[in-house]
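One letter stands for each residue in the lines below.
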Amino acid sequence: MKIGLRGLAPVCLALGLVLQAGCAALVTPADPNRPLRMALTDPVDDLTRRADRGEGEAQYALSFLKKYGLRGMEVDREGVDVLRAGAARGGTMPITQYIPGINGAPGRVNMIYVTMPGISPQRARVMDVCGLSLLTGLAQYGAVACGSPEAYAALLPVVADIVPRDGLIPSPFDEDQPIDPVTVVRCEAIGPLWNDAARRFGAGDMDGAVAASDRIIALCGDDKLSWHPRIMRALIANTRGKPDEALALIAPVPRPAPAPIGGYVSFVAQQALLAKGDWAGYGAERDRLMQASEMALRAEPWTRAVGEPVEGAGSRFQIFDRPLAMGDSLRAVRVALLVSAGERNMARAFYLTTSADLTDPTKSQYFLDEYRCDGRSTLKYFGALPTPPGVEEMRDLIAQRLSGALTETSGSSFLRGPNACQFPVQVAPGLGDDMAAFNASVGEG
């Protein structure tokens, strides 16, 4: 299976558990992304020489290029396995140390050997996801895999000119071999089986995904290792017209769940309740989620509520100052959270976003964007300005949108496939894009 440069969405659900399981096992060095940065920036000939000498970071860097056919390298799966086995072993590195002489005696140079830790398969896998997120612009996953939104943004410039040979990136699960679910007998050993379920889900083999995820649920029960498989199964149940089964499957999953699942499980529940025609249940589920999102934003130290909630047209929304990288060169300045929207309206969030003005470095381009589960729209282009538009203007434009007086200026991208929400992090911010919450969640594992 291969996916386009902007087409990682079918495997995003699977990436979440890769991150959750992988990050929990990491011993984070001073710059956890240095091997990946080397892969993207260091001369390939130099990486090859250093990998031949047994340098673990260079071995990972070269393996990343060979795994995905980047920077002129051919895809070489056997070579990747050899390089990663070497990187996992670690080794020693000679370092010269000068010791000055005392009382006029000459100084001397000592050779000392520093033990370099290996790069575990889990750490390599997380760096793979970071690299793929950079190449595909999936900031919400890159922010987790790369360590923080700032780390993701810092790496973006180095991938600007990197394109695979055929313009397509293989799925990170391509190398996994099909697994017979009955051969997995312990919850602690479900990692490869979950990868197989994710691969099958992304390839459209829903029966295979069901068999694998059902086995995980049977082995793990209500344990958090079953949460992602439960969500996958609920998605499939929804597409098969079984909303009651979907709701039963996700019943043990907290709503909202710890990052990186965040509010996504609530969107799956909303999808099932819509299918049942249970508008009261749908509205209650949506409002609980958005209230949780509001509480999360109020608790963030870098986020500040602006004024009081605004009510009107059967809705209530709250504006927050919340600077945040949203991928590529786009940054959020403020977010307005639609906390209450009337029984039959879907959850929405409004963002004042900005990007650099390439013609005048003293100004930035500003936009008012709307995010919903079924797509996003630009509601107003403000042009290049030296400072952001005011809060009052943003408040008035949102009120116009909610009353139907303001229409979008650009089109939307709509949901395809079983995905319950195309923009879960943007619609319910603070639940899936909060790095402190993510680190706390994996620290418990």
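Residues numbered from 1 in each chain as written. Predicted model: local features only at pLDDT ≥ 70, side-chain atom pairs only at ≥ 80, totals over all residues. Heavy atoms only, no water.

Q: Quick question: what am I supposed to make of the overall build of the chain here?
A: Of the regular secondary structure elements, the chain holds 17 helices and 10 strands. Taking contacts inside the chain between residues at least 6 apart in sequence as the whole, the part at least 24 apart equals 58%. Put simply, the chain shows about 19,700 Å² of open surface, and 54% of that area lies on carbon and sulfur atoms. (Helix = DSSP H or I, 4+ residues; strand = E, 2+ residues; numbered from the N terminus. Contact = heavy atoms within 4.5 Å. Areas by Shrake-Rupley, 256 points an atom, 1.4 Å probe, with all protein chains shown as cover.)

Q: What is the right way to look at helix α4 (residues 56–68) in this model?
A: Given 3.6 residues to a turn, an α-helix orients residues that are three or four positions apart in the same direction. The first and last C-alpha atoms of α4 sit 19 Å apart over 13 residues, in line with the 18 Å expected at 1.5 Å per residue. α4 sits mainly inside the fold: 12 of its 13 residues count as buried. For α4, the complete set of buried residues consists of Gly-56, Ala-58, Gln-59, Tyr-60, Ala-61, Leu-62, Ser-63, Phe-64, Leu-65, Lys-66, Lys-67 and Tyr-68. The first or second residue beyond α4 is Gly-69, which carries a positive phi of 65 degrees. (Expected span 1.5 Å × (residues − 1). Buried < 20%, exposed > 50% of the residue type's maximum accessible area, 1.4 Å probe, protein only.)

Q: Could you clarify how one ought to interpret unusual backbone geometry in this entry?
A: Phi is mostly negative for residues that are not glycine, and the peptide bonds are mostly trans. At the junction of Arg-255 and Pro-256, the peptide bond is cis and its omega measures out at -5 degrees in the coordinates. Even without being a glycine, Arg-71 presents a positive backbone phi close to 55 degrees. Within the element layout of this structure, Arg-71 appears in the loop between α4 and α5 (77–89).

Q: Whenever I open this one, the pairing of strand β9 (residues 364–372) confuses me. Can you help?
A: The two faces of a sheet get side chains in turn, since along a regular strand they alternate between them. Across the nine residues of β9, seven count as buried, placing the element largely inside the fold. In this sheet, β9 lies alongside strand β8 (residues 348–356) in antiparallel orientation, the contact comprising nine bridges. Bridged to Thr-353 within β9 is Phe-367. Relative to strand β10 (residues 375–385), β9 runs antiparallel, the two sharing nine bridges. Opposite Arg-372, over in β10, you have Gly-375 as the bridge partner. Where β9 folds back onto β10 in an antiparallel hairpin, the turn is made up of two residues. (Pairing = 2+ DSSP bridges.)

Q: Just checking my understanding: could you explain the pairing of strand β5 (residues 304–312) for this structure?
A: Looking at chain direction, β5 and strand β6 (residues 315–325) are connected through six bridges and run antiparallel. Paired with Arg-304 across the strands is Asp-321, a residue of β6. Between β5 and the antiparallel strand that follows it, β6, lie two residues; Ala-313 among them carries a positive phi value of about 55 degrees.

Q: Honestly, the packing of helix α12 (residues 243–250) against helix α13 (residues 264–276) in this entry has me stumped. Any pointers?
A: Helix-helix packing is characterised by the crossing angle of the two axes and by the distance between the axes. Two numbers describe how α12 lies on α13: the axes approach to 8 Å, and their chain directions differ by 155 degrees. It follows from the interaxial angle that α12 and α13 lie roughly antiparallel. Relative to α13, α12 is oriented so that their crossing is left-handed. Contacts between α12 and α13 involve Pro-243, Asp-244, Ala-246, Leu-247 and Ile-250 on the former and, on the latter, Val-265, Val-268, Ala-269, Ala-272, Leu-273, Ala-275 and Lys-276. Here the residues of the contact of α12 with α13 sort into 10 nonpolar, no polar and two charged. (Axes fitted to C-alpha atoms, helices over the stretch in contact; angles between N-to-C directions. Parallel < 35°, antiparallel > 145°, perpendicular 65-115°, else oblique. Left-handed = near helix turned anticlockwise from the far one by under 90°. Nonpolar A, V, L, I, M, F, W, Y, C, P; charged D, E, K, R; others polar.)

Q: Help me understand the nonpolar core, please; the structure alone is not making it clear to me.
A: Soluble, globular proteins show a tendency: their nonpolar side chains are buried together. One finds Ile-231, Met-232, Tyr-264, Phe-267, Val-268 and Val-427 to be the most contacted residues of the largest nonpolar core, which totals 58 residues. Apart from the residues lying within four places of it in its own chain, the contact partners of Val-268 are Ile-231, Ala-234, Leu-235, Asn-238, Ile-250 and Ala-420. Core analysis: the second largest hydrophobic core is formed by 34 residues, Leu-70, Val-129, Cys-130 and Ile-162 among them. (Core = buried A, V, L, I, M, F, W, Y, C linked by side-chain atoms within 4.5 Å.)

Q: Looking at this model, I keep getting lost on the sheet that holds β8. Mind explaining?
A: Each strand in a sheet pairs with its neighbour through backbone hydrogen bonds, running either in the same direction (parallel) or in the opposite one (antiparallel). Spatial ordering of the open sheet is given by β5-β6-β7-β8-β9-β10, a layout of six strands whose pairing is antiparallel. Unpaired on one side and paired on the other, β5 and β10 mark the two borders of the sheet. Looking at each pair of strands side by side, their axes are set apart by 20 degrees on average, direction ignored. Taken together, the eight bridges between β6 and strand β7 (residues 331–340) define a ladder with antiparallel strand orientation. Paired with Ala-325 across the two strands is Arg-331, which belongs to β7. Each of β5, β6, β7 and β8 is contacted by helix α14 (residues 279–299), which is oriented at about 140 degrees to β7, the strand it contacts most.

Q: Whenever I open this one, the packing of aromatic side chains confuses me. Can you help?
A: Pairs of aromatic rings are described using the distance from one ring centre to the other and the angle between the two planes. By the definition in use, this model includes six aromatic pairs. Ring centres of Phe-64 and Tyr-68 lie 5.3 Å apart, and the angle between their planes is 70 degrees; this geometry places the pair in the edge-to-face category. Remark: Tyr-68 and Phe-64 occur in helix α4; sequence separation between them is four residues, near one turn of the helix. Judged on exposure class, the residue Phe-64 and its partner Tyr-68 are both buried. (Phe/Tyr/Trp six-rings, centres within 6.5 Å; stacked < 30°, edge-to-face > 60°.)

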